[in-house]
Structure formats: structure tokens, C-alpha cells
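What follows is the residue order along each chain.
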Amino acid sequence: MNDFLTIDKIHKSFPARESYLKVLDGITLRQGEGEVVAIVGASGSGKTTLLRIVAGLEQPDTGAVALRGKPVTGPGPERAMVFQQFGLLPWLNVLDNILFGLRPAGLTKDEAEERTHDAIARVGLTGFEKFMPKELSGGMQQRVGIARALAVRPALMLCDEPFASVDTLTRQTMQTDLQKVVRETATSVLLVTHDIEEAIFLGDRVIVFSSRPGRVMEEIPITLPKTRDHSVRTLSEFQELREHIWQRLQSKN
Amino acid sequence: MAASAVQELGGDQPPTPRKPLIQPGVISFLILVVILGGWELAGRFDLINPFFFSWPSAIAKAAWVMLMNGQLFVDLWFTGYAYLIGVIAACIFGSALGLAMGWWKTFGQIVDPYVVFFSAMPRIALYPVLLMLFGLGDMSRIMIVFIGVLFPVLFNAYVGAKQTPRLLIDVARVFGYSNNKLFLSIVLPSSLPYLMAGFRTGITLGMVLIVVAEFFGGSSGLGREIAITATMYKTPEMYAWLIYTSLAALIIVRATDYLERRALAWT
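These numbers come from a predicted model, not from an experiment.

A.B. asks: Teacher, can you tell me more about the overall build of chain A here?
C.D. replies: From N to C terminus, chain A includes seven helices and 10 strands. Based on the C-alpha atoms only, the size of chain A along its principal axes is roughly 50 × 45 × 40 Å. Residue burial in chain A is summarised as follows: out of 253 residues, 56% are buried. Expressed as a percentage of contacts within chain A between residues at least 6 apart in sequence, the contacts between residues at least 24 apart total 70%.

Following this line, the structure appears as C-alpha cells:
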């Protein structure tokens, strides 16, 4: 495995009630280029905090993150993020929301529009360019969120519980669709979720996180075929993985 | 991604709801006719004292005369331009200052006590001071509108900027927006509902202030005309000026409503 993304001995605490709450306790991870790594853990396991540190939205107390050997000190265009609550700007339509993500890149107008239309097509939103976020369902809003991240053509796409705010029926379709678009664009993805099936379905590797403080309990390579459809959920291998991870999450360490 | 998972565009036109037999607007108009008719008759037959109450046809005649001899437009312009300058300046300056106070926390903390002090002061109480400083000219009227409108606009902008959703700030930062760019592309638009609420309050307060300020003196203006006609017991003219003032206010409020709906269509 190459060292595309390196996360080294990350510690992070937050102030809480005149004391400190340790949320990340010495996280070390490696991710290869083109790999989809899914971190699964309970709420409060610090997995979102880890993702925010990789995004550059927060600084670790100690430890370091580097992408392609370059230390992460703040947000950067080589990392894009998909947010749990979508994070669309309600005053901009679908097209402008995606263009919003591209503006700091300083592209020409033509190139920005070409990339936007490409991203819109990839997430299946063609025809909805002029719609406002409030006119879209949650699932469609998240499609815009994914398109906005894709359009910047990031080396690493960070997904923070991307389908936790989407209803169950839509969620499975969107997981299949996300997997397809990630494979098509050969994007590396670091995904955080509390949904065990989602982690197995999307991940090349699943990292099981313990809670309070967050620690890496186990790393599980997923040997299912790279391109998966809904039917893999019924494979006994899938079921066994799900049961195994569930057991690990129940045990405290 | 599969397009099948996405809603289809297009569909059947929903049925139009049936209209009521009599429009509420028609009933409102009929009630107005009854009131005006009753007032007219009461005035003509001395059931009310015409010296204080006049009657609709006399008021309409007075209103017509002002309209035809152009006196209405002289006063409308005199009040209107001072009002507009004061309101627009206050909306711009108040928004900028309030948003900056909400966004740059330290700046907000420094300015906050001054804002609290001045906003507690009854605005019209400042008018004698302004008269002393600027005389009876336009400047004193512009300033009373400016100061009066400034604080509601500023407070709403301040709250609006502070309420900027954390999520949207994170989104902009992840995509590489600097703090200053973020102010214009996130803080300003996300505060727009608050700004509009402040403008609405300011715009109505400004109308009260300029009319009251004109009671104090000056050469013309809607407030001045109401005060003069009242002291001279030119009752029909007084009511005519009152109606024109209300109509002008109504138009401004309606225009604000329209702008607000356009600006906030996304909410």
C-alpha cells in the first residue's frame, strides 16, 4: 500500500465542564490512492472530528496528517467534503451551489461550467440545474452535495455520514450510485459512518472505531468484488462481516 | 449515478381551486362605501360637528385641489427625498456595521456598549439637538431619519451575522474561502432575512420620525402641512393631507413587501 494519505498519532481533546474530553487517542491510519476507507463507529467516537482534521477544519492537539507527503495545515482544493446535513447554500440554485465550490479554484468560466455540468450528469441531476435546494428532496440535495465535491476533482473526497439524513429506501440507492461514481472517477474516499452495512458496501477497507475516546480497534480489508451492486448485501460473506463488526462495536475494546 | 432514482420532471396540472361566490375584496369595498356614505350623511345633517370631522366629499374636493395645483407634489418631494436619503444611508451603514459587529467578534464587543446606549435613547428626543446643530434645513430631517432607522437595521444585522449557520461556514472553508470572502458569500446572504426584517422596522419608524420632525417647523413637507392645516382648522385639507401621507406610506410598505418577497424567495 502506498502512502497517499498518512494520519499519524492524532490526539484531540475538547474542553468540557472545566475539564477536557479526549475524543481521539492516538489515531494512526494509512490510505492508498484510489482506495475507499470507511470508518465505522458509534456516535461520539470522534470519527467526525478525525474527518474534520483531515479536511483542515480543525487542528489536532498532537500528531500530523499528510496527503501525498504534503502536511495538512488547513483546507485545500485537493480535499473536498460531503456533509451529513448537505450544506447547500439555500439562496443558490443547484448549478450555482456547485459553481460555488469551484470559485476559489480560479478556473475559466467555460471550464467551471463544463465541470459543473459533468458533475450534475454523473449524479443524475440533469434537468434540475435551476432548482433551489428547498425544492429538492433530501436525497437529491445530497446528490448536489456530492456533485459539488466531485466538481473540484479532489484527490481525496471526505464523506461525513453522507446518507444519515436520507431515508432508508433512498439511502441504499444512493450508496450504489456513490460507489459507481467513485469508481468511474477513480476518486479516493475517506468515509465516516455509523451504518455498518454502508461501511462494508462502500469500503475497500473498514476501520472499526471504539468510543470515548476514539481508537482504531480493527482494520478489516473487504474482499468483496470492487464494483458492487445491491445483491452483495445478501452474500454470506457480507452478513458475516456485518455480524463481526457489530460484535466488535458492542465490546468495549 | 442512475437517473431512475431521481424524481421525474413534468406531470399533470393540478386542478384549480373553485373561486368563492363573492370575493373578500368586494365585501371590503362595500363596507368602505357604507362607512363613507354614513359619514357624508352625518356631516351634511349636522349629526357630527363638521368643524372637527368634515365629510368625505369636502375632503375629496380638498384632495383634488392639492393634486391639480401641484401642491401635493411639492410636499411629497420635500418629505420624500429627505426620507429616502436618510433611510437608504441608514440601511447601508447599519447593515455594514451590524454585520461586521456580528462577524468580527472583538469589534462587536468594542462597539456594543455604544450601540446599546444610543438605541435606548428615544429617537425623537434627539430632534431638538439636531435642530440646534443643523437648523431647520434638510440636514436635521435627514439626520433624524438616519439615526432612527440605523438602530433597528443595525441590531437585526448584528443578530443575523451571529446566526450564520456553522455548517455553511465550514462548507465555504472546506472549499477554500478566506475569512473575508466568506463574509460576502456566506455571512451577508445568510443574514438577508434578518436584514429585511430590520429594513421593514426601520422604514416604518422613519416615516413616523420625519412626519413628527416636520411638526416642529420648516417650510413644507407632509408633516408640516398636517400641522398647519390642523392649527388653522382647515379640517378638509387636514384630512386630505393625512390620507395622502397614509397612501405614500402604504406605497412604501408595499414596495418593501415586494422587494422582500423577491429577495427572500429562496427561504
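A.B. asks: I tried to follow unusual backbone geometry on my own but got confused; where do I start?
C.D. replies: The phi torsion at A:Glu161 lies on the positive side, around 45°, for a residue other than glycine. One non-glycine residue with positive phi stands out, namely B:Tyr233, at about 55°. Locating B:Tyr233 in the fold gives a position in the loop between helix 11 (222-231) and helix 12 (235-263).

A.B. asks: Which parts of the structure should I look at to understand helix 5 (residues 105-120) of chain B?
C.D. replies: Residues three or four positions apart in an α-helix share a direction because the helix packs 3.6 residues into each turn. All names here are of chain B. Taking 1.5 Å of rise per residue, 16 residues should cover 22 Å, and helix 5 covers 22 Å from first to last C-alpha, within 8% of that figure. A bend of about 45° at Val111 is the largest found in helix 5, and the proline Pro113 appears one to four places after it. Burial in helix 5 covers these residues: Gly108, Val111, Val115 and Ser119. Contact partners of the buried residues in helix 5: helix 4 (71-103) and helix 7 (138-162).

A.B. asks: I would appreciate a short explanation of the nonpolar core in the present structure.
C.D. replies: When a protein is soluble and globular, its nonpolar side chains tend to lie buried together. One finds A:Leu5, A:Ile7, A:Leu50, A:Ile146, A:Met157, A:Leu190 and B:Ile186 to be the most contacted residues of the largest nonpolar core, which totals 134 residues. The greatest single-element share of this core, amounting to 14 residues, is contributed by helix 7 of chain B. Every residue in contact with A:Met157, bar those within four places of it in the chain, is listed here: A:Ala80, A:Val82, A:Ile146, A:Ala149, A:Leu150, A:Leu178, A:Val182, A:Thr187, A:Ser188, A:Val189 and A:Leu190. Formed by 12 residues, the second largest nonpolar core is a distinct cluster that contains B:Leu72, B:Ile226, B:Met238 and B:Tyr244.

A.B. asks: Can you help me understand the sheet that holds strand 2 (residues 19-31) of chain A in this one?
C.D. replies: What links the strands of a sheet is backbone hydrogen bonding, and the strands pair in either a parallel or an antiparallel sense. Residues and elements named next belong to chain A. With antiparallel pairing, the four strands of this open sheet are ordered in space as 2-1-4-5. Whereas interior strands pair on both sides, the edge strands pair on one side only; in this sheet they are strand 2 and strand 5 (70-71). Examined bridge by bridge, strand 1 (residues 5-16) and strand 4 (residues 62-67) share five bridges and lie antiparallel to one another. From the neighbouring strand, Ile7 faces strand 4, where its bridge partner is Val65. Packing against the sheet, helix 1 (residues 47-55) makes contact with strand 1, strand 2 and strand 4, and its axis sits at approximately 120° to strand 1.

A.B. asks: Is there a simple way to think about the environment of B:Pro128 in this case?
C.D. replies: Residue placement: B:Pro128 occurs in helix 6 (residues 127-134). Measuring from C-alpha to C-alpha, the distance between B:Pro128 and B:Leu84 comes to 21 Å, with 44 residues separating the pair along the chain.

A.B. asks: Looking at this structure, how should I read the sheet that holds strand 6 (residues 79-82) of chain A?
C.D. replies: Residues and elements named next belong to chain A. In space, the six strands of this open sheet follow the order 6-7-8-3-9-10, with mixed pairing throughout. For this open sheet the edge positions go to strand 6 and strand 10 (216-221), each flanked by a neighbour on one side alone. Averaged over all adjacent pairs, the angle separating strand axes in this sheet is 15°, with direction ignored. Where strand 9 (residues 205-209) lies against strand 10, five bridges are found, and the strand directions are antiparallel. By the bridge assignment, Ile207 is partnered in strand 10 with Glu219. Along the sheet face, helix 4 (residues 138-151) touches strand 6 and strand 7 (156-160) and points at about 180° away from the line of strand 6. Contacts from helix 7 (residues 236-250) reach strand 3 (36-40), strand 9 and strand 10 within the one sheet, and its direction differs from that of strand 10 by about 175°.

A.B. asks: I'm lost on the pattern of salt bridges in this one. Help?
C.D. replies: Note that side chains of opposite charge can pair when their charged atoms are close. Residue and element names in this part refer to chain A. One pass over the structure, following the stated rule, counts 27 salt bridges over all chains. The partner of Arg52 in a salt bridge is Glu58, with the nearest N and O atoms 2.7 Å apart. With respect to burial, Arg52 and Glu58 carry one shared label: buried. Beyond isolated ion pairs, a larger network of salt bridges with shared partners links Asp118, Arg122, Arg153, Lys180 and Glu184.

A.B. asks: What is the right way to read helix 12 of chain B from this model?
C.D. replies: All names here are of chain B. Between its first and last C-alpha atoms helix 12 spans 42 Å; for 29 residues at 1.5 Å apiece the expected length is 42 Å, and the two agree. Taken together, the buried positions of helix 12 are Thr235, Met238, Tyr239, Ala240, Trp241, Tyr244, Thr245, Thr256 and Asp257. Close packing links the buried residues of helix 12 with helix 2 (50-53), helix 3 (56-69), helix 4, helix 10 (192-215) and helix 11.

A.B. asks: Is there a simple way to think about the interface of chain B and chain A in this case?
C.D. replies: Size of an interface: often given as the accessible area lost when the parts come together. Of the residues lining the interface, 23 residues belong to chain B; the matching set on chain A comes to 40 residues. Summed over the shared surface of chain B and chain A, the result is one salt bridge. The partner of A:Arg52 in a salt bridge is B:Asp170, and the shortest N-O contact between them spans 2.8 Å. Our count for the chain B to chain A interface comes out at four residue pairs in polar contact (both at pLDDT 80 or more). Residue assignment for the side of chain B that touches chain A shows that the elements contributing at least two residues are helix 8 (166-174) and helix 9 (179-190) of chain B. Examining the composition of the side of chain B that touches chain A, we find that seven residues originate from one element, helix 8 of chain B, more than from any other. Tallied by class, residues from the side of chain B that touches chain A come to 16 nonpolar, five polar and two charged.

A.B. asks: Explain empty space enclosed by the protein here, please?
C.D. replies: Where empty space is left can be seen by rolling a probe of water-molecule size over the atoms. Residues and elements named next belong to chain A. Tallying each qualifying case throughout the model produces two cavities of 30 Å³ or more. In terms of lining, the largest cavity is formed by Val36, Leu178, Gln179, Val182, Arg183, Val189, Leu191 and Leu202. Mapped onto the lining of the largest cavity, the elements with two or more residues apiece are helix 5 (168-185) and strand 8 (188-193). Top contributing element to the lining of the largest cavity by residue count: helix 5, with four residues. Residues that form the lining of the largest cavity fall into these classes: six nonpolar, one polar and one charged.

Conventions adopted
Residues numbered from 1 in each chain as written. Chains lettered and ligands numbered in written order. Predicted model: local features only at pLDDT ≥ 70, side-chain atom pairs only at ≥ 80, totals over all residues. Heavy atoms only, no water. Helix = DSSP H or I, 4+ residues; strand = E, 2+ residues; numbered from the N terminus. Buried < 20%, exposed > 50% of the residue type's maximum accessible area, 1.4 Å probe, protein only. Contact = heavy atoms within 4.5 Å. Expected span 1.5 Å × (residues − 1). Bend = angle between axes of the 7 residues up to and from the residue. Core = buried A, V, L, I, M, F, W, Y, C linked by side-chain atoms within 4.5 Å. Pairing = 2+ DSSP bridges. Axes fitted to C-alpha atoms, helices over the stretch in contact; angles between N-to-C directions. Salt bridge = Lys/Arg side-chain N within 4 Å of Asp/Glu carboxyl O. Polar contact = N/O pair within 3.5 Å; in protein donor to acceptor, adjacent residues only side chain to side chain. Nonpolar A, V, L, I, M, F, W, Y, C, P; charged D, E, K, R; others polar. 1 Å grid on protein atoms, 1.4 Å probe; cavity = no way out; pocket = protein on both sides within 12 Å on 5 of 7 lines; lining within 4 Å. Points joined across faces, edges and corners; volume = space filled by probe spheres on them.

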